[in-house]
Amino acid sequence: MTALRSIIDTSSEDFVANAEAMNAKLDELQAEFDKALAGGGEAKVERHRKRGKLTARERIELLIDRDSPFLELCPLAAYGSAFQVGASAVIGIGVVEGVECMIVANDPTVKGGTSNPWTLKKSLRANAIAMQNRLPCIALVESGGADLPTQKDVFVPGGQMFRDITRLSAAGIPTIALVFGNSTAGGAYIPGMSDHTVMIENQSKVFLGGPPLVKMATGEESDDESLGGASMHARQSGLADYYAQDEQDAVRIGRRIVARLNWRKDGPGPVAKSVPPRYDPEELLGIVPPDLKIPFNPRDVIARVVDDSDFDEFKPEYGNSLCTGWARINGYPIGILANAQGVLFSAESQKATQFIQLANRSNTPLLFLHNTTGYMVGKEYEQNGIIKHGSMMINAVSNSKVPHISVLVGASYGAGHYGMCGRAYDPRFLFAWPSAKSAVMGGAQLAGVISIVSRAATEARGGTVDEEADAGMRAMIEAQIEKESLPAFMSGMLYDDGVIDPRDTRTVLGLCLSAIDNGVVEGTDSFGVFRM
């Protein structure tokens, strides 16, 4: 055993200031989370309940096992857009009859649960997670279909949602649809393509075209029940496999379907008992400074996340700007790569490449803890091969087959974001702390680069630089990049799976590793050509 020794003075000015800044950011984020929790607002929720219906979150709570956790994903989707925070859907991983399932629930209190572009992106992310991690998928359906004013952004890419359902089924991953209300137009294909479909008497409505459309297209007079009611689908069309009396009955039937799946995990499972860290996770609030130019020791984070604070560091004397090593979280083995000084040099890149290869040999999932400004630049580093060495690291990340999880703790800039397994590199899960920032580079640097280029162009034309205008441009660009690099903005764009409280990091990672364990965990020895 190699227990990390972490000494943090929780009474120091720096720690107190860091914790205060983190708590302020958490308070700001909570205000946005509250918007998602509120759905369409008090009046619409009340009207929904008067119809005898449960909200999306109440349906999920009824569906999952009592006192079991629900790992909500992408709760800030659509933040910063014209649409409701949360994108009129709730997605996440919950345990149903002892089985971890991906749950997707429309929120009918937000524009009738219609799908806008962010709803679609969020739903596709849920499908991708279900496929990658072999999670049975349960859809709690009540949606009016596409948000028609944004159909140009929804219609064409929206076909992928139905394709994904059939591909999940083809991969042997069960798909279940519990229809709580309307599932019309394209949305009718969700129950149509699911392995198991439950409909509710006098409540579920599933049809391609409603009475007005049928009237216009064929001249036929019809009503909702004859076109797509639960009774008709249960007794005539055969689309409904189960006929529920009410919402609670539908949830009961859904749970019984999962119980009869005879589901077994394909992963190796934990290799040891879960042991809490030796250090208080509360202290995670005060580790990261609000000014990300100030370095912090990632081992202080690791010591408060991994089992028994036990960490065997790999190459501790080499490539000191990257900390790598082996640990366990909730008994699951994990390899960790954590930025220690921000910048990645050639040594760090080579160290990471070897470590990733070793993790693939031992079939060990990898955790990336981001705090990087990117790969080092400058004449000396270019001449010594920083491009080829950084490329080696990105090559290894790209072709590694063991599951990856990324957590943006601090900065995640430039190609360093790629080398540390950013969103484009398909980590199974990616989360951010409220302290995180991510962009092509820092705001001041980006504004400075544009200023230099602009000055050079002006001088090449024989002009004179307007210093006041240049300063204004730099300030404007810096403010824009600062806003766009914040975690809420990035999360709204679905560039992560959620912004998490640092104190919840171990819990979230443990839930992710357990979900990952539903599938085979197997590495590879096949990588792209490494330039030596």
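Residues numbered from 1 in each chain as written. Predicted model: local features only at pLDDT ≥ 70, side-chain atom pairs only at ≥ 80, totals over all residues. Heavy atoms only, no water.

Going by what an unreviewed UniProt entry lists, the protein chain is known as Acyl-CoA carboxylase beta chain and is assigned to Gordonia effusa NBRC 100432. One UniProt comment on the protein chain, placed under Sequence similarities (unreviewed entry), says "Belongs to the AccD/PCCB family." (UniProt positions renumbered as here; feature names shortened; annotations may be inferred.)

## Brief notes about the overall build of the protein chain
For the protein chain, the count of helices and strands is 19 helices and 17 strands. In the protein chain, which comprises 532 residues, the share counted as buried stands at 55%. For the protein chain, restricting intrachain contacts to residue pairs at least 6 apart in sequence, the fraction spanning at least 24 positions comes to 74%. Roughly 23700 Å² of accessible area belongs to the protein chain as shown, and the carbon and sulfur atoms make up 52% of that amount. Mean positive and mean negative side-chain charge positions of the protein chain (51 and 64 charges, respectively) differ by 4 Å. (Helix = DSSP H or I, 4+ residues; strand = E, 2+ residues; numbered from the N terminus. Buried < 20%, exposed > 50% of the residue type's maximum accessible area, 1.4 Å probe, protein only. Contact = heavy atoms within 4.5 Å. Areas by Shrake-Rupley, 256 points an atom, 1.4 Å probe, with all protein chains shown as cover. Lys, Arg positive; Asp, Glu negative; His and termini not counted. Charge placed at Lys NZ, Arg CZ, Asp CG, Glu CD.)

## Section: unusual backbone geometry
Positive phi values are uncommon outside glycine, yet Cys74 reaches one of about 55 degrees. Topologically, Cys74 is positioned in the loop between strand E1 (70–73) and strand E2 (89–96). Not every positive phi belongs to a glycine, and Lys111 is a case in point at roughly 50 degrees. With respect to the helices and strands, Lys111 occurs in the loop between strand E3 (99–106) and helix H4 (117–133). Residue Lys111 is classed as exposed on the basis of its relative accessible area of 54%.

## Quick notes on the nonpolar core
Ranked by internal contacts, the top residues of the largest apolar core, which has 63 residues, are Leu73, Met102, Ile336 and Phe429. Broken down by element, the residue count for this core peaks at six residues, all from helix H19 (residues 505–516). Taken together, domain 1 (24–259) and domain 2 (281–436 + 499–517) each give at least three residues to this core, which thus spans both. For Leu73, the residues in contact, after removing those within four places along its chain, are Ile91, Gly92, Ile93, Met102, Lys122, Ile129, Phe429, Phe431 and Asp497. By size, the runner-up hydrophobic cluster in this structure holds 25 residues, among which are Leu63, Ala105, Phe180 and Ile200. (Core = buried A, V, L, I, M, F, W, Y, C linked by side-chain atoms within 4.5 Å. Domains from an automatic or database assignment.)

## What about the pattern of salt bridges?
Per the counting criterion, the structure on display carries 27 salt bridges. Measuring nitrogen to oxygen at the nearest pair gives 2.8 Å for the salt bridge that ties Asp65 to Arg255. Of this pair, Asp65 sits in the loop between helix H3 (56–63) and E1 while Arg255 is found in helix H10 (residues 247–259), placing the two residues 190 residues apart along the sequence. Pair check on accessibility: Asp65 and Arg255 agree, each one buried. (Salt bridge = Lys/Arg side-chain N within 4 Å of Asp/Glu carboxyl O.)

## Observations regarding the pairing of E3
Moving residue by residue along a regular strand, the side chains alternate between the two faces of the sheet. Across the eight residues of E3, eight count as buried, placing the element largely inside the fold. Burial of the side chains of E3 extends over both faces: Val99, Cys101, Ile103 and Ala105 are buried on one face and Glu100, Met102, Val104 and Asn106 on the other. Summarising the sheet, E3 and strand E4 (residues 137–143) pair through four bridges and their orientation is parallel. Counterpart to Met102 in the pairing with E4 is Cys137. Handedness of the crossover joining E3 and E4 through H4 is recorded here as right-handed. (Pairing = 2+ DSSP bridges. Right-handed = clockwise from strand over helix to strand, strands pointing away.)

## Things to note about the UniProt feature "coiled-coil region" (unreviewed entry) in the protein chain
As annotated by UniProt and renumbered to match this structure, "coiled-coil region" (unreviewed entry) occupies residues 12–39. A distance of 41 Å separates the end C-alpha atoms of residues 12–39, which is 89% helix and 0% strand.

## Regarding the domain arrangement of the protein chain
Here the protein chain is partitioned into domain 1 (24–259), domain 2 (281–436 + 499–517) and domain 3 (441–485). Domain 2 and domain 3 are separated by 32 Å when their C-alpha centres are compared.

## Concerning the UniProt feature "domain: CoA carboxyltransferase N-terminal" (unreviewed entry) in the protein chain
UniProt records the feature "domain: CoA carboxyltransferase N-terminal" (unreviewed entry) at residues 22–273, using the numbering of this structure. Span residues 22–273 is 43% helix and 19% strand, its end C-alpha atoms 32 Å apart.

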